[in-house]
Amino acid sequence: NYLIKACPEKAKAGTLSAVVAYDSRLNSDVFGEATALIFAANGIKAYLFSSLRPTPELSFAIRQLGADTGVVVTASHNPRMYNGYKAYWNDGAQVIEPHDVGIIEEVNKVTEVKTMTRVEAIASEKLVIIDKEIDEKFWAMCKAELFRPDLIKERAKDVKIVYTPLHGTGGMHVNKVLGDLGLKVITVPEQAEPDGNFPTVVKPNPEEKPALTLAVELAKKENASCVMATDPDADRFGTAFPDKDGNWVLLSGNQMGALLMDYVLLSRKEFGKMPANPAVIRSIVTSPFGDYICKKYGVEMMECLTGFKWIAAVEKDFEEKGTKNYVFGLEESYGYKVERDVMDKDGVSAAAMCAEMTMYWASQGKTILEHLDDMYREYGYF
């Protein structure tokens, strides 16, 4: 109802569209289809993924398909008894003002819900099932953001990654992208299959140490180079690395954010890919560590409210006004955005960039933890 009021001309022409995705939580597929069929019954073409997909791919699909809105059914990193959804606008970012208030006003007026059957929706062409045509573009985008594909090919055999999707959506994408790069990825078998009961963890949140227990145990057995983890909707990205004594160290979101930012900025500078008026965006709850890194590279650090929807809003403001050029976004809650084609945090592209960064510092004779220590010596300890 809000979308129809917000876009009256497109509503009248019958050209409104929405994209719907869902994760591995209990009944997410049921809720996802119900959402798509409600859009369809209201004259809005609904693009529904054929099976579970990550949140960042939903954002990507909105922009690829030129859709007016989008929904992903997920409760992100919360315990198994939760479900819900994230609502997006036509820019591929989660809704902010005035849309948030406008939508809730419409919610409070609802007296009936229009819907239709799946058969009716497909027959009327108001329901379109999507999958590999978006997947392939998403994978290509993640790989295209990398700086040193030749280095990856050269050193791929030397790097062994243990990865866990924590029973969520990340498996098909992280394994595909890293596998295409030639990297050896060992997925934690007990956590490889999507399962909304999350049987091996209390909370499927890579921010919390217990969630990575099985991955770290496997990494020790396999003598791995690093551990990677994504939450159930694969927008958060967690890591662990071995220190010189063989102890595994879990990096915080602030630490990994600083490392990725440093790598992106030094690589852009080295390859002449730093745009005019470059800017990084972080939320107010994120460490100022990155501010000092930005200063070194002549990049402006912009601060915004908590949540990637606000990081996306600042980036959109850059685009509309032509004032600055976005190069990286981060938040302490394990959220990173290395690309511009997704207007939300993205654990898949972060995994690819982290893998390349690990190999780059190895080529310089350093581990990730050693480089982090170098950064503390240069900028101060945070």
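Residues numbered from 1 in each chain as written. Predicted model: local features only at pLDDT ≥ 70, side-chain atom pairs only at ≥ 80, totals over all residues. Heavy atoms only, no water.

Asker: Explanation requested: the packing of helix H11 (residues 253-270) against helix H12 (residues 289-297) in the structure shown.
Answerer: What describes two packed helices is the angle between their axes and the distance between those same axes. For the pair H11 and H12, interaxial distance at closest approach is 10 Å and the crossing angle is 10°. It follows from the interaxial angle that H11 and H12 lie roughly parallel. Listed contacts from H12 to Ala-258, Met-261, Asp-262, Leu-265, Leu-266 and Lys-269 of H11 are Phe-289, Gly-290, Ile-293, Cys-294 and Tyr-297. Split by residue class, the contact of H11 with H12 holds eight nonpolar, one polar and two charged. (Axes fitted to C-alpha atoms, helices over the stretch in contact; angles between N-to-C directions. Helix = DSSP H or I, 4+ residues; strand = E, 2+ residues; numbered from the N terminus. Parallel < 35°, antiparallel > 145°, perpendicular 65-115°, else oblique. Contact = heavy atoms within 4.5 Å. Nonpolar A, V, L, I, M, F, W, Y, C, P; charged D, E, K, R; others polar.)

Asker: I'm lost on the packing of aromatic side chains in this one. Help?
Answerer: Two measures describe an aromatic ring pair: the distance that separates the ring centres and the angle between the ring planes. Scanning the entire structure with this criterion turns up eleven aromatic pairs. Ring centres of Phe-147 and Tyr-263 lie 6.2 Å apart, and the angle between their planes is 80°; on these two criteria the pair is classed as edge-to-face. Placement of Phe-147 in the loop between helix H7 (132-144) and helix H8 (149-155) and of Tyr-263 in helix H11 is noted, with a sequence separation of 116 residues between them. You'll find Phe-147 and Tyr-263 in the same group, each marked buried. Each ring, one from Phe-237 and one from Tyr-336, has its centre 6.5 Å from the other, and the planes form 85°; the classification is edge-to-face. Taken together, the positions of Phe-237 in strand E9 (residues 237-242) and Tyr-336 in strand E14 (residues 335-337) put the pair 99 residues apart, joining distant regions of the chain. The pair formed by Phe-237 and Tyr-336 is uniform in burial state, with each residue classed as buried. Aromatic rings pair up to connect Phe-289, Tyr-292, Tyr-376, Tyr-379, Tyr-381 and Phe-382 into one cluster. Residue placement shows Lys-337 over the ring face of Tyr-326; its charged tip is 4.3 Å from the ring centre. (Phe/Tyr/Trp six-rings, centres within 6.5 Å; stacked < 30°, edge-to-face > 60°. Buried < 20%, exposed > 50% of the residue type's maximum accessible area, 1.4 Å probe, protein only. Lys NZ or Arg CZ within 6 Å of the ring centre and 35° of its normal.)

Asker: How do you make sense of the nonpolar core when you look at a structure like this?
Answerer: The biggest cluster of nonpolar side chains holds 75 residues, and the ones touching the most others in it are Leu-183, Met-228 and Val-280. Examining the composition of this core, we find that eleven residues originate from one element, helix H14 (residues 347-363), more than from any other. If we skip the residues at most four places from it in the chain, Leu-183 touches Ile-152, Ala-156, Val-159, Ile-161, Leu-178, Ala-355 and Met-359. (Core = buried A, V, L, I, M, F, W, Y, C linked by side-chain atoms within 4.5 Å.)

Asker: It is not clear to me how the sheet that holds E9 should be interpreted in this structure. Could you clarify?
Answerer: Within a beta sheet, neighbouring strands are joined by backbone hydrogen bonds and run either parallel or antiparallel to one another. Across the sheet, five strands lie side by side as E7-E6-E8-E9-E10; this open sheet has mixed pairing. Each having just a single partner strand, strand E7 (184-187) and strand E10 (248-250) make up the two edges of the open sheet. Strand-to-strand, the axes of this sheet are offset by a mean angle of 25°, without reference to chain direction. In terms of strand pairing, E9 meets E10 through three bridges, oriented antiparallel. Paired with Ala-240 across the bridge in E10 is Leu-250. Its contacts with the sheet place helix H9 (residues 170-180) against strand E6 (160-164), E7 and strand E8 (226-230), and it is angled at close to 165° to E6. (Pairing = 2+ DSSP bridges.)

Asker: Looking at this structure, how should I read the layout of surface pockets?
Answerer: Over the atoms rolls a probe the size of a water molecule, and its path tells where empty space is left. Taken as a whole, the largest pocket spans an internal volume of roughly 1000 Å³. Along its surface, the largest pocket is lined by 35 residues, and Asn-1, Phe-39, Tyr-85, Ile-103 and Val-107 are the ones closest to its centre. Mapped onto the lining of the largest pocket, the elements with two or more residues apiece are helix H1 (2-6), helix H3 (28-41), strand E3 (69-73), strand E4 (85-89), helix H5 (99-107) and helix H13 (308-321). For the lining of the largest pocket, the per-class residue count stands at 18 nonpolar, eight polar and nine charged. Approximately 210 Å³ is the volume found for the second largest pocket. (1 Å grid on protein atoms, 1.4 Å probe; cavity = no way out; pocket = protein on both sides within 12 Å on 5 of 7 lines; lining within 4 Å. Points joined across faces, edges and corners; volume = space filled by probe spheres on them.)

Note that every value here comes from positions in space, so none of it alone points to a role or purpose.
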